[in-house]
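# Inside the fold
Below are the chains, spelled out letter by letter.
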Amino acid sequence: MKKNNNYKWVKHIIKEVSEFEDGKTEVIQYVVIGRQDLCFDLFLVSPYTDFILNLPHNKTTTQIAYANVVVPFLNYVYEHPDFEIDKLTVQDGIDFLNSLNVTPHTKHLYSYRFRSILYLFAG
């Protein structure tokens, strides 16, 4: 896969507002992951969104938390030409996590990030 600086993986929070006949409204929020074209400001939703929408305890805050791990991982993969996105392994996820600067203050985040990557591969 060739590196293309015109694209970046991003997350977006989508809000849908429904208004009912009785005047009440309902707001539904969810997170989508996709590729953003930086030149034309176009956004293409990715199938990786499915894993976010099918998480257990599926609240918007949970979706955001997982997307905050997966999106940097996808950008990491995309920036390394030897990776093929459809041939990724859990070990690639572990290598990504190990590339992060882990300090004693952020060490507790490793298991949470690891779980996020595992859900991506299980999805």
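Above this text sits the structure in question.
Computed from a prediction, not measured in an experiment: that's the story for all the values here.

### Side note on the packing of aromatic side chains
Evaluation of the coordinates by the stated rule reveals five aromatic pairs. Taken together, a centroid distance of 5.6 Å and an interplanar angle of 70° make the contact between Tyr 66 and Tyr 119 edge-to-face. In this pair, Tyr 66 is assigned in helix 2 (residues 60–79) and Tyr 119 in helix 4 (residues 109–122), connecting sequence segments 53 residues apart. Residue class for Tyr 66 comes out buried when judged on its relative accessible area of 9%.

### Overview of the side chain of Asp 92
Tracing the backbone shows Asp 92 in helix 3 (residues 90–99). One buried charged side chain, Asp 92, makes no salt bridge at all; its nearest oppositely charged neighbour is Lys 87, positioned 11 Å away. Residue contacts for Asp 92: discarding those within four places in its chain leaves Phe 73, Phe 83 and Lys 87.

### Remarks on the sheet that holds strand 1 (residues 7–19)
Strand order in this open sheet of three strands is 1-2-3, and the pairing throughout is antiparallel. Two strands bound the open sheet, and with one partner strand each, they are strand 1 and strand 3 (42–45). On average, each strand axis in the sheet is inclined to that of its neighbour by 45°, with strand direction left out of account. Of the pairings in the sheet, the one linking strand 2 (residues 25–37) to strand 3 comprises four bridges and is antiparallel in character. Residue pairing across strands places Gly 34 opposite Val 45, the latter belonging to strand 3.

### Re the nonpolar core
Counting 22 residues, the largest nonpolar core has Ile 33, Phe 51, Ile 52 and Phe 73 as its most contacted members. Secondary structure elements with two or more residues in this core: strand 2, helix 1 (49–53), helix 2, helix 3 and helix 4. In terms of residue count, the dominant contributor to this core is helix 2 (ten residues).

### Some points on unusual backbone geometry
The phi dihedral of Asp 41 is positive, around 55°, even though this residue is not glycine. Within the secondary structure, Asp 41 sits in the loop between strand 2 and strand 3.

### Thoughts on helix 3
Taken residue by residue, helix 3 has Asp 92, Gly 93, Phe 96 and Leu 97 as its buried positions. For helix 3, the arc enclosing every buried residue in end-on projection is 140°, short of the 170-degree limit, so these residues lie on one face.

What counts, and at which threshold
- Residues numbered from 1 in each chain as written.
- Predicted model: local features only at pLDDT ≥ 70, side-chain atom pairs only at ≥ 80, totals over all residues.
- Heavy atoms only, no water.
- Phe/Tyr/Trp six-rings, centres within 6.5 Å; stacked < 30°, edge-to-face > 60°.
- Helix = DSSP H or I, 4+ residues; strand = E, 2+ residues; numbered from the N terminus.
- Buried < 20%, exposed > 50% of the residue type's maximum accessible area, 1.4 Å probe, protein only.
- Lys, Arg positive; Asp, Glu negative; His and termini not counted.
- Salt bridge = Lys/Arg side-chain N within 4 Å of Asp/Glu carboxyl O.
- Contact = heavy atoms within 4.5 Å.
- Pairing = 2+ DSSP bridges.
- Axes fitted to C-alpha atoms, helices over the stretch in contact; angles between N-to-C directions.
- Core = buried A, V, L, I, M, F, W, Y, C linked by side-chain atoms within 4.5 Å.
- Arc of directions from axis to C-beta.

So far we have only geometry, and geometry alone does not tell us how the molecule works.
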